[in-house]
Amino acid sequence: MYEFCPHCGLKYEVEPGYFYGAMFVSYAISGGVALVLGFILFYLAGDPGGWVYVAVIAPAMVLIAPVNFRFSRVLWLHYVAGIKYQPEL
Ligand SMILES: [Zn+2]
């Protein structure tokens, strides 16, 4: 992740450890995805064995990790730091 915005020079990490909170956002996102996948397996695949849940959900968590990492930081920046995109600036 960039330390500063390449367009406007905004410093993203406003204080040391600022993005620790994004970890909770990331946890919520991955928990939600795992829950949805679990419901899909339960209702559409007829409640398969436990190993099927692990075989589907664990790789899905690894696959969404890069997107989840960035998206949770963006959400954290916008909703906690209150940073807004202002194209006129
Ligand atoms: Zn910027």
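Residues numbered from 1 in each chain as written. Predicted model: local features only at pLDDT ≥ 70, side-chain atom pairs only at ≥ 80, totals over all residues. Heavy atoms only, no water.

Draft legend 1. Structural view of the overall build of the chain. Each helix and strand counted, the chain has two helices and zero strands in total. When each of the 89 residues of the chain is scored for burial, the buried share is 20%. If you take every contact in the chain between residues at least 6 apart in sequence, the share linking residues at least 24 apart comes to 52%. Of the roughly 6800 Å² that the chain leaves accessible, carbon and sulfur atoms contribute 70%. For the chain, the separation between the mean place of its 4 positive charges and that of its 5 negative charges on side chains is 4 Å. (Helix = DSSP H or I, 4+ residues; strand = E, 2+ residues; numbered from the N terminus. Buried < 20%, exposed > 50% of the residue type's maximum accessible area, 1.4 Å probe, protein only. Contact = heavy atoms within 4.5 Å. Areas by Shrake-Rupley, 256 points an atom, 1.4 Å probe, with all protein chains shown as cover. Lys, Arg positive; Asp, Glu negative; His and termini not counted. Charge placed at Lys NZ, Arg CZ, Asp CG, Glu CD.)

Draft legend 2. Representation of the side chain of Asn68. Tracing the backbone through its elements, the reader meets Asn68 in helix 2 (residues 50-80). Side-chain polar atoms of Asn68 contact the backbone oxygen of Ser26, separated by 3.2 Å. What Asn68 contacts, discounting residues up to four positions off in sequence, is Ser26, Ile29 and Ser30. (Polar contact = N/O pair within 3.5 Å; in protein donor to acceptor, adjacent residues only side chain to side chain.)

Draft legend 3. Inspection of a nonpolar patch on the surface at higher detail. On the surface, Leu35, Val36, Phe39, Ile40, Phe42, Tyr43 and Leu44 cluster together to form a nonpolar patch covering roughly 770 Å² of accessible area. Note that Tyr43 resides in helix 1 (residues 20-44). (Patch = residues over 30% accessible without salt bridge, like charges linked within 9 Å, V, L, I, M, F, W, Y side chains within 5 Å. Salt bridge = Lys/Arg side-chain N within 4 Å of Asp/Glu carboxyl O.)

Draft legend 4. The nonpolar core, seen in detail. In this structure, Cys5, Tyr12, Tyr18, Phe19, Ala22 and Leu77 together form the largest nonpolar core, which totals six residues. In this view, Ala22 contacts Ser72, Arg73 and Trp76; residues no more than four positions away in its chain are not counted. (Core = buried A, V, L, I, M, F, W, Y, C linked by side-chain atoms within 4.5 Å.)

Draft legend 5. Examining unusual backbone geometry more closely. One non-glycine residue, Asp47, adopts positive backbone phi at about 50°. Relative to the assigned elements, Asp47 resides in the loop between helix 1 and helix 2. Taking the relative accessible area as the measure of exposure, Asp47 reaches 42% and is therefore partly exposed.

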